[in-house]
Amino acid sequence: MASTTIKSKYTLLWTNSNAWATFNSQTLSLDLSKYKFIIVQFRRIANQDQYVDSLCAVDGTETLCFSVPSDANNQYISCRMINVSASAISFRDSYTNGATNNDRMIPHRIYGIN
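This one's a predicted model, so the numbers in the text were calculated from it and none came from an experiment.

**Describing the overall build of the protein chain**
1) Next: For the protein chain, the helix and strand inventory stands at zero helices and nine strands.
2) Next: The linear arrangement of helices and strands in the protein chain, starting from the amino end, is β-β-β-β-β-β-β-β-β.
3) Next: The burial tally for the protein chain puts 39% of its 114 residues in the buried class.

Given below as structure tokens:
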């Protein structure tokens, strides 16, 4: 079987100016009409320099983004639902161990993939 090389270009679209703070449920208006996919880079915990990337389709469906484990004791899963359309990204509240915890899974950077 012949191998195929895929070349993609990543474009930085947005950077959170305060990625050390909690990030409540909100919608960001971004023109994503040129992209089929984006990567959302999340800071796992507000006070740590650890990241997790999530690949999302730009098609109006919800994507579950999660981090395992999400705390220093390696005990909890944190997750955040996002919806990505051609004109906006909507972030729901982040949850850890079944409770709202918006100092986890904080959007840090968003990249478009061509």
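Having put the structure on the table, let's press on.
**As for the packing of aromatic side chains**
Working definition: an aromatic ring pair is given by the centre-to-centre distance plus the angle between the planes.
1) Next: Applying the stated criterion to the full structure yields three aromatic pairs.
2) Next: The interplanar angle of 70 degrees and the centroid separation of 6.4 Å between the aromatic rings of W14 and F23 together place this pair among those described as edge-to-face. Just as W14 is buried, F23 falls in that class too.
3) Next: Considering the side-chain rings of F23 and F91, the 5.3 Å spacing of their centres and the 80 degrees angle between planes classify their relative orientation as edge-to-face. Within this pair, whereas F23 is found in the loop between β1 (10-15) and β2 (26-29), its partner F91 is found in strand β7 (residues 88-96), the two being separated by 68 residues in sequence. Both residues of the pair, F23 and F91, count as buried.

**Concerning the nonpolar core**
1) Next: Counting residues in each nonpolar core, the largest one holds 20 residues, and the members touching the most others are I38, F91 and I110.
2) Next: When residues no more than four places from it in sequence are discounted, the contact partners of F91 are F23, S25, Q26, L28, V40, F42, R80, M81, I82, P107 and I110.

**Here's the deal with the sheet that holds strand β9 (residues 104-113)**
1) Next: Read from one edge to the other, the open sheet built from four strands follows the order β1-β9-β3-β4, with strand pairing classed as antiparallel. The open sheet is flanked by β1 and β4 (51-57), the only strands paired with a single partner. Across the sheet, the axes of successive neighbouring strands diverge by a mean angle of 30 degrees, strand direction being ignored.
2) Next: Direction of pairing for β1 relative to β9: antiparallel, over a ladder of five bridges. Looking across to β9, one finds that L12 is bridged to Y111.

**Concerning the pattern of salt bridges**
1) Next: Applying the stated criterion across every chain yields a total of two salt bridges.
2) Next: One salt bridge in this structure joins R92 and E62, with 2.6 Å as the shortest N-O distance. One end of the pair, R92, is in strand β7; the other, E62, is in strand β5 (residues 62-67), and 30 residues separate them in sequence.
3) Next: Exposure remark for R92: the relative accessible area of 43% places this residue in the partly exposed category.
4) Next: Given the relative accessible area of 38%, E62 is considered partly exposed.
5) Next: The partner of D103 in a salt bridge is R104, and the shortest N-O contact between them spans 3.7 Å.

How each quantity is defined
- Residues numbered from 1 in each chain as written.
- Predicted model: local features only at pLDDT ≥ 70, side-chain atom pairs only at ≥ 80, totals over all residues.
- Heavy atoms only, no water.
- Helix = DSSP H or I, 4+ residues; strand = E, 2+ residues; numbered from the N terminus.
- Buried < 20%, exposed > 50% of the residue type's maximum accessible area, 1.4 Å probe, protein only.
- Phe/Tyr/Trp six-rings, centres within 6.5 Å; stacked < 30°, edge-to-face > 60°.
- Core = buried A, V, L, I, M, F, W, Y, C linked by side-chain atoms within 4.5 Å.
- Contact = heavy atoms within 4.5 Å.
- Pairing = 2+ DSSP bridges.
- Axes fitted to C-alpha atoms, helices over the stretch in contact; angles between N-to-C directions.
- Salt bridge = Lys/Arg side-chain N within 4 Å of Asp/Glu carboxyl O.

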